[in-house]
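What follows is the residue order along each chain.
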Amino acid sequence: MFFLLADGLTLYLLFFLVLAIGPAVVLMRYAYNLDPLEKEPAGLLTHLILQGVLAAFLAGIFEQVGMSVFGLLSGLRENTLGFELLSDFVVVGVIEEACKYILMGRATWNNQAFNCRYDGVVYAVFTSLGFAAMENVMYGLNYGTGVLMSRALMAIPAHMGFAVLFGMLYGEAKYLAVRGHRIGSALCIVIGFALSAMLHGLYDATATLANYGDGTFLLVVAVIYAIVFLVVRSAAKHDRRFA
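What counts, and at which threshold
What you see as residue numbers is a count from 1 along each chain, following the sequence as written. The predicted nature of this model means local features are confined to residues of pLDDT at least 70 and side-chain atom pairs, given and counted, to a pLDDT of 80 or more, with totals for whole chains, interfaces and linings taken over all residues. Water and hydrogen atoms were dropped before computing side-chain values, which therefore reflect all heavy atoms in the structure. Only runs of H or I of at least four residues qualify as helices and only runs of E of at least two qualify as strands under DSSP, and these elements are numbered from the N terminus. Every radius of gyration here is taken over C-alpha atoms, with the globule rule written as 2.2 Å times N^0.38, N being the number of residues. Using a 1.4 Å probe on the protein chains alone, a residue whose accessible area is under 20% of its type maximum counts as buried, one over 50% counts as exposed, and one in between counts as partly exposed. Neither His nor the chain termini are counted; the positive set is Lys and Arg, and the negative set is Asp and Glu. The atoms used to mark charge sites are NZ of Lys, CZ of Arg, CG of Asp and CD of Glu. Contacts: residue pairs with any heavy atoms within 4.5 Å of one another. What counts as a salt bridge is simple: a side-chain nitrogen of Lys or Arg found within 4 Å of a carboxyl oxygen of Asp or Glu. By this rule the span expected of a helix is its residue count minus one, scaled by 1.5 Å. Consider a residue and the seven residues that end there alongside the seven that start there; fitting an axis to each set, the bend is the angle between those axes. pLDDT measures how confident the predictor is about each residue, on a scale from 0 to 100. Ring geometry is summarised as follows: Phe, Tyr and Trp rings, the Trp one being its six-membered ring, pair when their centres sit within 6.5 Å, and such pairs are stacked at plane angles under 30 degrees, edge-to-face over 60 and tilted between the two. Both a distance and an angle decide whether a charge sits over a ring: NZ of Lys or CZ of Arg must be within 6 Å of the ring centre and within 35 degrees of the ring normal.

(A) Focus on the overall build of the chain. The secondary structure content of the chain amounts to eight helices and zero strands. Relative to its length of 243 residues, the chain is compact, with a C-alpha radius of gyration of 19 Å against a globular reference of 18 Å. Dimensions of the chain, computed from the C-alpha atoms along their principal axes, are close to 60 × 55 × 30 Å. Residues counted as buried form 47% of the 243 residues belonging to the chain. For the chain, the separation between the mean place of its 14 positive charges and that of its 16 negative charges on side chains is 12 Å.

(B) Structural view of the environment of Arg-106. Looking at the secondary structure, you find Arg-106 in helix α3 (residues 81-108). Given a relative accessible area of 72%, Arg-106 falls into the exposed group. For the pair Arg-106 and Gln-51, spaced 55 residues apart in sequence, the C-alpha to C-alpha distance is 10.0 Å.

(C) Structural context of the side chain of Glu-135. In this structure, Glu-135 sits in helix α4 (residues 117-143). Once you skip the residues sitting within four places of it in the chain, Glu-135 turns out to touch Glu-96, Arg-151 and His-159.

(D) Quick look at the pattern of salt bridges. Enumeration over the complete set of coordinates arrives at four salt bridges. The shortest N-O distance in the salt bridge between Arg-117 and Glu-172 comes to 2.8 Å. Here Glu-172 lies in helix α6 (residues 155-178) and Arg-117 lies in helix α4, a separation of 55 residues in the sequence. By relative accessible area, Glu-172 is classed as partly exposed at 21%. As a salt-bridge pair, Arg-151 and Glu-135 come within 2.9 Å of each other at their nearest N and O atoms. With Arg-151 in helix α5 (residues 146-153) and Glu-135 in helix α4, this residue pair connects regions lying 16 residues apart in the sequence. Just as Arg-151 is buried, Glu-135 falls in that class too.

(E) Quick peek at α3. Given a rise of 1.5 Å per residue, 28 residues ought to cover 40 Å, and the 39 Å separating the end C-alpha atoms of α3 matches this to within 8%. At Ser-87, α3 shows its strongest bend, of approximately 50°.

(F) Here's a closer look at the confidence of the model for the chain. With 95% of its residues at a pLDDT of 70 or more, the chain shows a mean pLDDT of 90. Model confidence for the chain, summarised as mean pLDDT per element, is weakest for helix α1 (residues 2-34) at 78 and strongest for α6 at 96. Predicted confidence is poor over residues 1-5, with pLDDT under 50, and the contacts of this stretch with residues over four places away or in other chains come to zero contacts.

(G) Region of the structure containing the environment of Leu-169. Relative to the elements of secondary structure, Leu-169 occurs in helix α6. Spatially, the C-alpha atom of Leu-169 lies 8.4 Å from that of Val-121, the residues being 48 residues apart in sequence. Contacts of Leu-169, omitting those with residues within four sequence positions, involve Cys-188, Ile-191, Gly-192 and Leu-195.

(H) Molecular detail of the packing of aromatic side chains. Applying the stated criterion across every chain, the model contains 14 aromatic pairs. On the basis of an interplanar angle of 20° and a centroid distance of 5.6 Å, the ring pair of Phe-166 and Tyr-170 is categorised as stacked. Note that Phe-166 and Tyr-170 are positioned in helix α6 at a spacing of four residues, about one turn of the helix. Here the aromatic residues Tyr-101, Trp-109, Phe-114, Tyr-123, Phe-166, Tyr-170, Tyr-175 and Phe-242 are joined through ring pairs into a cluster of three or more. Over the aromatic face of Trp-109 sits the side chain of Lys-174, whose NZ or CZ is 4.9 Å from the ring centroid. Here the guanidinium or amino end of Arg-179 rests over the ring plane of Tyr-175, the centre of that ring lying 4.0 Å away.

(I) Broad picture of helix α8 (residues 216-237). Taking 1.5 Å as the rise per residue, α8 with 22 residues should run 32 Å; its terminal C-alpha atoms sit 31 Å apart, in good agreement. The largest bend along α8 reaches roughly 35° and is located at Ile-227. Of all the positions in α8, only Phe-217, Val-220, Val-221, Ile-224, Ile-227, Val-228, Val-232, Ala-235 and Ala-236 are classed as buried.

Here it is, written out as structure tokens:
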């Protein structure tokens, strides 16, 4: 009986991990395989996944503080629709994307492997999907495996979509920095972050509105899928080395 229970628990854990982490791994592999010029080192990519996991923990802490501060500054009451919609943009989107990309930047900006524009996309995707995988594990533990299927189809690709927007401009920023265009480089990072945080906030806000019968969420998901499967291919196709 003990061995039957042990085998059942092992199978459940395997099933749980496949649902929670599998979709992120598939999309990481997808972005990695599109790299046309030079594949990135496995050690660096593993480090970025772990940075994404760390970012998920940090974001959870900062968001709790951010929600309290936002409530005080905005004058809005928590658990109201207005509070939820605005906080999706100015708290959740900003904090989660910042945690991902600050850690990613520290690990990659001066790394010698960062020598092509598409590398920025790969780095952002691996960091963001490390974040998403950890977030998925926490959701699965809190709400059960039933929630993981919908997240595999929506939340995981969404995190990659946010990452692609930032990663394209992060790669361009490095490309400009190598050529001495510091202002242009800084603008690319600022714009890339703003776009990724805005799309993140839009995704969360329209997901909230979907509970009230609004269909905008499906349009946002369609845009994200276009970014994941069309824009990322274009970025890979037009990759260039820095030197």
